[in-house]
Amino acid sequence: MSQTDQFVAETLRQLKRIEDELSEIETGLRHSTAQVDSWTQQQLAKLKADWHDVKHELEELAKTHQTEVEASWEQLRNDAEHHWQALHAAVQAYREHVHKNVA
């Protein structure tokens, strides 16, 4: 298995965990008795949209990796990895915000 294949497989597993966590947070916010501010709601929507973007990039990376030369998919891999790292950091900051201000 190439490094890219390993990256895609591991990141897709982690994306599934983030999807599950965002769903749990969303459910918790819907059932929360605390007032949920608009930033918290907007950020959840943004994170879900970012999640979809990262998943799409990874799927494209996997397809391109199978059919294109290394130079082509290396750029996609770098873009996907950068986006993944940004999403991961944003989810962590959001998690801390929710636990601190809503939970």
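Fair warning: this is a prediction, and the values are worked out from it, not measured in the lab. (Residues numbered from 1 in each chain as written. Predicted model: local features only at pLDDT ≥ 70, side-chain atom pairs only at ≥ 80, totals over all residues. Heavy atoms only, no water.)

### Describing the overall build of the chain
The criterion, for reference: Secondary structure elements follow DSSP: runs of H or I no shorter than four residues count as helices, runs of E no shorter than two count as strands, and numbering proceeds from the N terminus. Only protein chains enter the accessibility calculation, which uses a 1.4 Å probe; a residue whose area is less than 20% of its type maximum is buried, one above 50% is exposed, and one in between is partly exposed. In this analysis, two residues are considered to be in contact whenever any of their non-hydrogen atoms come within 4.5 Å of each other.
Scanning the chain from terminus to terminus reveals three helices and zero strands. Each helix and strand of the chain, placed in order from N terminus to C terminus, yields the pattern α-α-α. With respect to the principal axes defined by its C-alpha atoms, the chain has extents near 55 × 20 × 15 Å. Among the 103 residues that make up the chain, the fraction classed as buried is 32%. Residue pairs in contact within the chain that sit at least 24 positions apart in sequence constitute 77% of those at least 6 positions apart.

### A word on the environment of D20
What counts, and what does not: For the purposes of these results, a polar contact is taken to be a pair of N or O atoms within 3.5 Å, where, inside protein, one atom must be able to donate a hydrogen and its partner to accept one; residues adjacent in sequence count only when each atom of the pair is a side-chain atom.
Here D20 lies in helix α1 (residues 3-31). Residue classification places D20 among the partly exposed residues on the basis of a relative accessible area of 34%. Of note is the side chain of D20, whose polar atom sits 2.9 Å from the side chain of K16.

### So, the pattern of salt bridges
Just so we agree on the cut-off: Salt bridges are identified by distance alone: a Lys or Arg side-chain nitrogen within 4 Å of an Asp or Glu carboxyl oxygen.
Inspection of every chain in the model, using the stated rule, returns eight salt bridges. Here R13 makes a salt bridge to E10, at a shortest N to O gap of 2.9 Å. Highlighted residues: R13 and E10, both in helix α1, separated by three residues, approximately one helical turn. For the salt bridge of D50 with K46, the shortest nitrogen-to-oxygen distance reads 2.8 Å. Of the two residues, D50 and K46 both sit in helix α2 (residues 38-67), four residues apart, roughly one turn of that helix. A residue is classified by how much of its surface remains accessible, and D50, at 14% relative accessible area, is buried. Beyond isolated ion pairs, a larger network of salt bridges with shared partners links K16, E19 and D20.

### Re the environment of A62
Within the secondary structure layout, A62 lies in helix α2. Take A62: its relative accessible area is 23%, and that puts it in the partly exposed class. Between the alpha carbons of A62 and V8 there is a distance of 6.9 Å; along the sequence they are 54 residues apart.

### Digging into α1
Let me state the cut-off plainly: Helix span, expected: 1.5 Å multiplied by one less than the number of residues in the helix.
When the terminal C-alpha atoms of α1 are compared, their 42 Å separation across 29 residues agrees well with the 42 Å that a helix rising 1.5 Å per residue should span. Taken residue by residue, α1 has T4, F7, V8, T11, Q14, L15, I18, L22, I25 and L29 as its buried positions.

### A closer look at the nonpolar core
Here is the rule: We call a set of buried Ala, Val, Leu, Ile, Met, Phe, Trp, Tyr and Cys residues a nonpolar core when their side-chain atoms join them within 4.5 Å.
Core analysis: the biggest nonpolar cluster contains 22 residues, and L15, L29, L58, L87 and Y94 have the highest contact counts within it. Listing elements by their share of this core, those giving two or more residues are α1, α2 and α3 (70-101). With residues near it in sequence (within four places) discarded, L58 still touches F7, V8, T11, L12, L15 and A80.

Read these as spatial facts, not as claims about activity.
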